[in-house]
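# Structure at a glance
What follows is the residue order along each chain.
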Amino acid sequence: MTKPSGRAREVLLDLLLAALVLTSVVLTVRVWYPEPLFGDSDTTEPSLQQQPVPIVREMPEIFRPERIVVARADGGRAELHAGSPTYSTSWHRIRKALTGLDVRGGATLIDQVPRGDAGAPSLELFLPTALQVGQWADLLQWQAPFLRNGSMLVDRVIVTLGERPAVYLSGPLGFELYLADLPEDQRAALVAHVERLDPTLFGPYRELVLDGLQVTAAPGLMVPDVKAWPAAEVTVLMPDLWEEEARYFPDLSVVRQIDEQDARSLTDGRRLLRITGAGVLQYRTAEGSAPAASPELEQALEAAGQWVGSRGGWPQDVVLHRYERDAGVGRLAFEVHTGGRYPVQSLPGAMQVHVSAAARVVYFERTPTVANVMFEEALLPLVPPEDALAHALPAAPLLSSEPVRAMYLTYLLRPPAGAGEPWTAEPTWVIQAGSTEVYVNAVAREFPLPPKVLH
């Protein structure tokens, strides 16, 4: 075989060098300008596949709305869910409009929120957790040296965009509040944004037909009018015991393994790290008990943010669902809310962080991170919302005394039914009445699955 001449060798080296330079440029562009997480950066939603959700070191925006309901001037309705590009753009604009509001003299009790003028759009934000009006005022930097009703719990924000644009609040106990007028420039910006939304986002909605049911609905409640949704296939990232070991134990030389029937654990005598067969990671540590007040929400979040960030990071798709204080410990419970064209969520507690009075994390739990959800061509027939309510009543008699505040469809993540089986996600009706949530599997089948009730 003849060797290439000196000239040919130089040409070959030049070509290799050019290829390396081009590859470097392409990789640099991909690093600094990555593709959007769930598709293009316009308002078109993906319909078949979601992309992996990244893990971030800093705590994500855990108080962002679980969903945003957009009502157009012509009556069309759309639900925007965390994880989609349109949701991100819309929430950025709405948050800008709500930040720094002058609410001096606001937060006054009213009989009912006006749902906007005829022929005018409106927005409704379904917040992930109920906080006091004063806490939302701090988070959104409202100008409120004196805020009436600042201790009332609020989990909804309604923005009307008619002739008199205004911001209203609603709470799980049924009361409603007027907060403030919306500045004209912000009203115009939001109206223009609503008008530019992709028309395909708006689907059919209707009122509930409650004749014969011992159930009442809050004024203005609308539910999606759909007969079928596609089947879904879920891929999750299972934790690796040995990879996690280095994150939770300072001295690996004293760590020993404990094997269980459907779990594996590691311990050094003070700390226990456990991973179940379903991929649920659980960590707890011993801490001397002393009579002390549990931490305030802000203290618990600060401790949890640093601790989780240094042990693998935060899934970007979690929101805070509840904070409870009990016996010197503050318990943070998070939900997963993600999706594109179709929403995907977990039950509350998919991630839990317990913080002691000494601002130390004493318990941590998280389910596997959702890596991908594929929507198949096969369609699943759905039960009507009225049938879901009738099925839920025996398990949740509260529905006969408290009006239904919200009812929506989502894909609910479910752990494996048995050893070796995968995680799944099936269409589910979520019913909210007061502070109670009822999850009813929405797939029409001969023997309906029992509902899940959470208070």
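Residues numbered from 1 in each chain as written. Predicted model: local features only at pLDDT ≥ 70, side-chain atom pairs only at ≥ 80, totals over all residues. Heavy atoms only, no water.

## Side note on the packing of helix α2 (residues 85–98) against helix α4 (residues 184–196)
Between α2 and α4, the least distance of the axes is 10 Å, while the angle of their chain directions is 165°. Taken together, the axis directions place α2 and α4 in an arrangement best described as roughly antiparallel. For the element pair α2 and α4, the recorded crossing hand is left-handed. The segment α2 lies against α4, with T89, S90, R93, I94, K96 and A97 engaging Q186, L190, H193 and R196. Classifying every residue of the contact of α2 with α4 gives 3 nonpolar, 4 polar and 3 charged. (Axes fitted to C-alpha atoms, helices over the stretch in contact; angles between N-to-C directions. Helix = DSSP H or I, 4+ residues; strand = E, 2+ residues; numbered from the N terminus. Parallel < 35°, antiparallel > 145°, perpendicular 65-115°, else oblique. Left-handed = near helix turned anticlockwise from the far one by under 90°. Contact = heavy atoms within 4.5 Å. Nonpolar A, V, L, I, M, F, W, Y, C, P; charged D, E, K, R; others polar.)

## Describing the packing of aromatic side chains
Under the defined criterion, the tally for this structure stands at 12 aromatic pairs. Here W229 and Y342 contribute two aromatic rings whose centre-to-centre distance is 5.3 Å and whose plane-to-plane angle is 75°, an arrangement assigned as edge-to-face. Note that W229 is positioned in strand β11 (residues 228–237) and Y342 in the loop between β18 (329–339) and β19 (343–345), a separation of 113 residues in sequence. The pair W229 / Y342 is uniform in exposure class, with both members buried. Both rings, one in W229 and one in Y411, keep their centres 5.0 Å apart while their planes meet at 10°; by these two values the pair is stacked. With a gap of 182 residues between them, W229 in strand β11 and Y411 in strand β23 (residues 404–414) connect regions that are remote in the sequence. Residue class for Y411 comes out buried when judged on its relative accessible area of 1%. Through a chain of ring-to-ring contacts, the aromatic side chains of W229, Y342, F375 and Y411 assemble into a single cluster. The ring centre of F126 lies 3.9 Å from the NZ or CZ of R67, which sits over that ring. Lying across the ring of F202, R72 places its NZ or CZ 4.0 Å from the centre. (Phe/Tyr/Trp six-rings, centres within 6.5 Å; stacked < 30°, edge-to-face > 60°. Buried < 20%, exposed > 50% of the residue type's maximum accessible area, 1.4 Å probe, protein only. Lys NZ or Arg CZ within 6 Å of the ring centre and 35° of its normal.)

None of the figures reported here should be taken as evidence of function without further support.
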